[in-house]
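# Observations on the model geometry
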Amino acid sequence: MEKKSILFVDDEQKILSGLKRSLHKNREVWHMDFASSGKAALETMSNREFDVVVSDIRMPEMDGIRLLEEVKKHYPKAVRIVLSGYAEIEKENKAVLVAHQYLSKPLNTEELDNTITRACNVQDRMNNNELKEVVSQMGTLPSLPQVYLEMTEALDREASINEIAYIVKKDMAMSTKVLQIVNSAFFGFIRQISEIREAVVYLGVDTIKALTLSVHAFEECKSSRVIKGFSPDDLMNHCLKVGNISKKLAIKQGLNRKEQDMAQTSGILHDLGRLILFSKKPDIFEKSHAAALQKQTLESDIENEMMGMTHADLGAYLLDLWNLPYEIVEAVIRHHDSSADSLDGPGIARIVYMANGYVHMKDDDSVKTRELYCIDHHFCKETAFLEEE
Ligand SMILES: [Fe+2]
Ligand SMILES: [Fe+2]
C-alpha cells in the first residue's frame, strides 16, 4: 500500500517534537511533515499532496480555523483534523464547519493514531480499483437534487426556517413524499404534520436534507425489475428505521445535536449502495441477494467475493461525490464492518453499525442474525433502553 502523507501543524515546538517522537513508529506507513504555522503549512502543501492535515486551533497570525478553510478550498480531498483545548470551546462551532474530526488536548497519541488510520482506510476504500471499475460501468449515478443544493446554500447564509421550507415546497413531488414519510410511523409524531415548515421545525434541517436525498435517489433508481424477496419500499423503510435508531443511540450516548443529526442522516442513507446496485447492476444484485439468503451470510460478503467491493463502498462513494461530511461517508462505508463496533467511544460509525444490527435483530431474531451482526450481551445491554420506549 502507498505511504500516506500526514501534515501536523502547531505553533508550539514542544508539541510537534512530542508528536514526532510518539508517532515515529508509524514512519513505515506514513510520511510525516511538521509545520509551525499556518503559513508554513500552506507552503508545504503547495509542494506535495497530503492525505491528512492535523492542526492546532490557536496559533498566532493564521489560526487553525483559517488554515483549514484554506485547505478545504484548495485541497478538498485531504482529511482535516483539528486539535483543540478547552479554552477554544467557543471557536469549536466554527471548527465543525471546517474540520472532519476533532480531538481534544491534552493529546492522546493512541487516539490520534486511530483517527488518522481510520481516515486513511476510508480514503483507500474510495480509491479501490474494483469500486471504480464497477462505478465506471454504471453510467450515470443519482445526481444531487437541486433542492438539496439550494438548502445547503441557504443554510450557509443562515436563512430562516420559512425560507428553507419554501425551497423544499417548490419541489411539489418531493415535498409530498417527504411529508408522507414524516407522517409514517417511523417518526412517531402523535398528530399529522401537514406542512413542510412544521416538518423542518420538528425534525431539523439536517434530517429534512437527508430525506430529500433519499427520496430523490429512490425516484432516480426506479426500476421495473422484480427481484424475489426484495422491494425498494422495504429498503426505504429499513433505512428510516436505522436512521431513527441511530438518532436515539446518539442521544443516549450524549452526542451533541449536530452529531445526532449526522447519525440520523447516516442511518437514513446507509444502504443507498443497495438501491444503486438494484437499479444499475440488477443481475449482480439478484445473485448476491439470493446467495446471501442461501448461505445465510451478509450480502456485503458475497458482493465482496463477486466484485471486490460492497454496497457500503458504493453508497459511501456516491455520498463522497456529493460532498457529504466525512463522518457520514465513514459511517456508511463501515456499516457492515464489525470492527466499527469495537471503536472506542460513541462514534457515528459505531452507532450506525449498531443501529443496523438492532433493526435486523428486530426483523428476525435468530441465532444466525445475532451472529452476523455481532449481537452479544454487551450489545443488548447498550440497546436495552430502546426496548423500554
Ligand atoms: Fe447494508
Ligand atoms: Fe442495512
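Now for a description of the structure that goes with this document. (Residues numbered from 1 in each chain as written. Chains lettered and ligands numbered in written order. Predicted model: local features only at pLDDT ≥ 70, side-chain atom pairs only at ≥ 80, totals over all residues. Heavy atoms only, no water.)

## Overview of the coordination of the iron ion (ligand 2)
- At the metal site, the iron ion (ligand 2) is ligated by His238 (NE2), His270 (NE2), Asp271 (OD) and Asn356 (OD1), and these contacts range over 2.2 to 2.4 Å.
- With four donor atoms in place around the iron ion (ligand 2) and angles of 84 to 173° between them, the coordination shape is irregular.
- Between consecutive donors of the iron ion (ligand 2), the numbers of intervening residues give the motif H-x31-H-D-x84-N.
- Metal-to-metal, the separation of the iron ion (ligand 2) and the iron ion (ligand 1) is 3.6 Å; Asp271 coordinates the two. (Donors = N, O, S within 2.8 Å, 3.2 Å for Na, K, Ca; no water. Tetrahedral: all angles 85-135°; square planar, octahedral: opposite > 155°, others 65-115°.)

## What to know about the packing of helix α12 (residues 232-252) against helix α21 (residues 377-388)
- Packing of α12 against α21 brings their axes to within 11 Å, and their N-to-C directions diverge by 110°. Of the possible angle classes, the one that applies to α12 and α21 is roughly perpendicular. Note that α12 runs across α21; the crossing there is right-handed. Mapping the contact onto sequence places Ile245, Lys248, Leu249 and Lys252 in α12 and Glu382, Thr383, Phe385 and Leu386 in α21.
- By residue class, the composition of the contact of α12 with α21 is four nonpolar, one polar and three charged. (Axes fitted to C-alpha atoms, helices over the stretch in contact; angles between N-to-C directions. Helix = DSSP H or I, 4+ residues; strand = E, 2+ residues; numbered from the N terminus. Parallel < 35°, antiparallel > 145°, perpendicular 65-115°, else oblique. Left-handed = near helix turned anticlockwise from the far one by under 90°. Contact = heavy atoms within 4.5 Å. Nonpolar A, V, L, I, M, F, W, Y, C, P; charged D, E, K, R; others polar.)

## Looking at the pairing of strand β1 (residues 4-9)
- Of all six residues in β1, six are buried; the element is thus mostly enclosed.
- Of the two faces of β1, the one lined by Lys4, Ile6 and Phe8 and the one lined by Ser5, Leu7 and Val9 are each fully buried.
- Viewed along the sheet, the connection from β1 through helix α1 (residues 13-22) into strand β2 (residues 30-35) turns out right-handed. (Buried < 20%, exposed > 50% of the residue type's maximum accessible area, 1.4 Å probe, protein only. Right-handed = clockwise from strand over helix to strand, strands pointing away.)

## A short note on the sheet that holds strand β3 (residues 52-56)
- Sheet architecture is open: five strands sit in the order β2-β1-β3-β4-β5, paired in parallel fashion. The sheet is open, and its two edges are formed by β2 and β5 (101-104), each paired on a single side. The sheet shows a mean angle of 20° between the axes of neighbouring strands, taken without regard to direction.
- Across six bridges, β1 lies against β2 in parallel orientation. Pairing of Ile6 across the sheet is with Met32, part of β2. (Pairing = 2+ DSSP bridges.)

## What to know about the packing of aromatic side chains
- This structure, assessed with the given rule, holds four aromatic pairs.
- Arranged with centres 5.3 Å apart and planes meeting at 15°, the rings of Phe8 and Phe34 form a pair that is stacked. Here the residue Phe8 occupies a position in strand β1, and Phe34 occupies one in strand β2, the gap between them amounting to 26 residues.
- Taken together, a centroid distance of 5.8 Å and an interplanar angle of 70° make the contact between Phe278 and Phe285 edge-to-face. Per residue, the accessibility class of Phe278 equals that of Phe285, and both read buried.
- Taken together, the ring pairs connect Phe230, Phe278 and Phe285 into an aromatic cluster.
- Positioned over the ring face of Phe50 is Arg48, at 5.5 Å from the centre of the ring.
- Above the face of the Tyr148 ring, Lys209 is positioned so that its terminal group lies 5.0 Å from the ring centre. (Phe/Tyr/Trp six-rings, centres within 6.5 Å; stacked < 30°, edge-to-face > 60°. Lys NZ or Arg CZ within 6 Å of the ring centre and 35° of its normal.)

## Here we look at the environment of Ala263
- With respect to the element layout, Ala263 can be found in helix α13 (residues 257-269).
- With relative accessibility at 0%, the residue Ala263 sits in the buried group.
- With sequence-adjacent residues up to four places away left out, Ala263 is seen in contact with Ser246, Ala250, Ile348, Ile351 and Val352.

## A word on the coordination of the iron ion (ligand 1)
- Surrounding the iron ion (ligand 1) are the protein donor atoms Asp271 (OD), His311 (NE2), His335 (NE2) and His336 (NE2), at 2.1 to 2.3 Å.
- Between the four donor atoms coordinating the iron ion (ligand 1), the angles at the centre fall across 84 to 171°, so the site counts as irregular.
- Within one chain, the residues donating to the iron ion (ligand 1) are spaced in sequence as D-x39-H-x23-H-H.

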